[in-house]
Structures are given as structure tokens and as C-alpha cells.
Amino acid sequence: MKNKMNKIGVMTSGGDSPGMNAAIRSVVRTCAFHKIECVGIYRGYQGLIEGDFKEMNARSVNNIINKGGTILKTARSKDFRTKEGRKIAFANAKRKGLDALVVIGGDGSFTGAMIFSQEFNFPVMGIPGTIDNDIYGTSFTLGYDTALNTVVDAIDKIRDTASSHDRLFFVEVMGRDVGNIALNAGVGAGAEEILIPEEDLGKERLIESLKRSRLSGKSSSIVVVAEGDKTGENVFELKDYVEANLPEYEVRVSVLGHMQRGGSPSCFDRVLASRMGVKAVESLLEGKTNYMVGIRDTKMVLCPIDKAVKGKTDIDDELIRVSDIMTT
């Protein structure tokens, strides 16, 4: 270890995701292992501004690895977007004796960490926590695997009803800007069509696809729709369009919503969070700052936090091809 640190703060920020508690646990216990103090910061950057701190030790994080959400709570802070707010946050961090921050969140949280570090030369390290899996520099973000399993489980249940009543179901999943959840869950659940922001299927092609499904003998269908898909104005408008053009279909809509962000994290997310927490703390101790911890080819890696914020993630073209073949 190259860099002497006495106290590290940990916070969760932005939208919650399964695995955040496992990451908090890992950061706290890695600090304890290296005989460093750890301070939990409640409600993200707003808590940093308000001085909402709690000393944490290895026993503070007992029995949280299996819990969804975040024990440190999370909030969006308008105050932190101002220079005055960040000055107060920095003053509180120094008053508390913090030497560095571990920020668990998404690109908005990392943007805040990056600006904070640049303005005050304060060491930061990011851990990606978002179910959308849309952060550059890592193959997986915390919560993504759990969300996929939640969605697939829900679609399996919806299919039982679709089959029983010979219905077409549009299932809307999260993914305002990227279609990772829709694409992977759609393939995993055997959806007849998958609509994602990256691929504009178009209403006419959707109608033709549903007609082919009907002619091939399918009496029920599942169409997975990412919330950011542009095929229709929204999923309900799409439902009305299909009913108008394919009156033989009885169409229903199921919006899965925030249930995708809740629930006990999968084993994959628990292990990933544990590895990321260790890597985050030990990287800070090695003198590294302004990085995000990621995973590539099963190995822990560091990505400069500005690249994580500004970089663009790409949808898996091979999986799109697989999807096209599977929906034949």
C-alpha cells in the first residue's frame, strides 16, 4: 500500500439498485481489514452537505448482503449541483476527517464525484450501481443481473395468462436510453418481439411480425418493450395501434415499473459487489483516484471516471441477431 489514509466515506446516490448494500458491506469490511475508519454518508450528496454521517464498522453491516435497496438511503441533491453546495460538502468532509469518498451509483453520481474531485482535489472512487447496465468501462453494473431475473420471472408468469386467454401482452421494462434489460430478458423469456431504443422496428414491421406469428399457429404472444423505444408514442398507444390493425388479437399491457429495482440481489450481484468494494478501497490506498471500478473478462479493472461518464455503451449486435433468429 502506497497511500496512507485514515478515514474513507461511502455513499449511495441516484437510483437504488440491488447489490448496493452488498457493496456498502464490502467497502466497510475492507476498511476494517486494513484498519481504516469508515463513515457512512446518508442520502448521498445531500447528506454530505447536511453532515448526515454515521461511523461504521464490520458489525454495522451484518445481515445486509441479501437486502435490496440501500441502508444508507439515496436522494437527488439540487444543492450539490451548485458551487456553494459543493463547498459546504467539502467543508463537512474535511471537518469529519474524510480522506476519500467511495460513491456507489450511476453516471449522474459519477459526474458529481468527478466535479467534486476536480474542484477540491479530493480523492474519489466510483462503484457502478444501476440496473440499466449503461455505464461505460464495465461489462456489468450492480443490480443488472438481479433486474434481469426479476423481469424474466415476471414475463414467465404473464405468459401463463397470455396462453390461457390467447392474448397478446406488451410488457414494458425499464430502459429509457438503452435496451439491455429488454433485449436480454426478451431473449431469456422467449419473447416474440423485442422493442429497444437502439433499433427502430417500426409499426408496420411489428404488425407484419405479429401476423406471421398468428399464421404460424401462435395464439398468444409476448412483446417486450423498453420504455425508451420509439416505435410508438408509448406502450399504450402501441397497444391501440395493434388492436386497430389486428382486431383478432386481444391486447393487454403490463408495465413492470419499479419492481425491477427492488428485491434481494442475485448471487452474481452479491459477489460482484463484494469484489468491487475491495477493489475500490484498495485502489484508493494505492494512491489511485478519479476512477470507477469495473469488470471486464471476469477481472476487476479501473476506468477513468470521466470516461465512464462520457463514454457510450453499445448494444450487443450479436444478441440482436440471436433475437431475430429466435423470434422467427
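The notes below deal with the structure included here. (Residues numbered from 1 in each chain as written. Predicted model: local features only at pLDDT ≥ 70, side-chain atom pairs only at ≥ 80, totals over all residues. Heavy atoms only, no water.)

## Notes on the nonpolar core
Logical step 1: Counting residues in each nonpolar core, the largest one holds 32 residues, and the members touching the most others are Ile8, Val27, Val102, Ile104, Ile127 and Met276.
Logical step 2: Elements with a contribution of two residues or more to this core: strand E1 (7-12), helix H1 (20-33), strand E4 (100-105), strand E5 (124-128), helix H9 (267-285) and strand E10 (291-296).
Logical step 3: If you look at the next biggest cluster of nonpolar residues, it comprises 28 residues, including Tyr144, Ala182, Ile196 and Ile222. (Core = buried A, V, L, I, M, F, W, Y, C linked by side-chain atoms within 4.5 Å. Buried < 20%, exposed > 50% of the residue type's maximum accessible area, 1.4 Å probe, protein only. Helix = DSSP H or I, 4+ residues; strand = E, 2+ residues; numbered from the N terminus.)

## Focus: unusual backbone geometry
Among all residues save glycine, negative phi is the norm, and among peptide bonds the norm is trans.
Logical step 1: Here the phi dihedral of Asn121 falls at roughly 55°; this positive angle occurs in a residue that is not glycine.
Logical step 2: By the element assignment, Asn121 lies in the loop between helix H4 (107-120) and E5.
Logical step 3: With relative accessibility at 70%, the residue Asn121 sits in the exposed group.
Logical step 4: A positive phi is found at Asp297, a non-glycine position, where the angle reads about 50°.

## Brief notes about H4
Logical step 1: Counted at 1.5 Å a residue, the expected span for H4 with its 14 residues is 20 Å, and the 20 Å between its end C-alpha atoms agrees.
Logical step 2: The complete set of buried residues in H4 reads Ser109, Phe110, Gly112, Ala113, Met114, Phe116, Ser117 and Phe120.
Logical step 3: The first or second residue beyond H4 is Asn121, which carries a positive phi of 55°. (Expected span 1.5 Å × (residues − 1).)

## Examining the pattern of salt bridges
Logical step 1: Scanning the entire structure with this criterion turns up 18 salt bridges.
Logical step 2: Between Arg43 and Asp52 there is a salt bridge; the shortest N-O distance is 3.1 Å.
Logical step 3: With relative accessibility at 25%, the residue Arg43 sits in the partly exposed group.
Logical step 4: Linking Glu250 and Arg252 is a salt bridge whose minimum nitrogen-to-oxygen distance equals 2.8 Å.
Logical step 5: Its relative accessible area of 30% is what places Arg252 among the partly exposed residues.
Logical step 6: Here the salt bridges share partners, and the residues they tie into one network are Lys7, Glu37, Glu55 and Lys96. (Salt bridge = Lys/Arg side-chain N within 4 Å of Asp/Glu carboxyl O.)

## Re the sheet that holds strand E11 (residues 299-304)
Strands in a sheet are paired, the pairing made by backbone hydrogen bonds, and the direction either parallel or antiparallel.
Logical step 1: Taken together, 7 strands build an open sheet; the order of strands is E3-E2-E1-E4-E5-E10-E11 and the sheet is mixed. Each edge of the sheet is formed by a strand with only one pairing partner; in this case those strands are strand E3 (53-56) and E11. Across the sheet, the mean angle from the axis of one strand to that of its neighbour is 30°, orientation sign disregarded.
Logical step 2: Two elements, E5 and E10, share 2 bridges in a ladder whose sense is parallel. Bridge pairing links Met125 to Tyr291 in E10.
Logical step 3: Against the sheet, H4 contacts E4, E5 and E10, and its axis sits at roughly 160° relative to E4. (Pairing = 2+ DSSP bridges. Axes fitted to C-alpha atoms, helices over the stretch in contact; angles between N-to-C directions. Contact = heavy atoms within 4.5 Å.)

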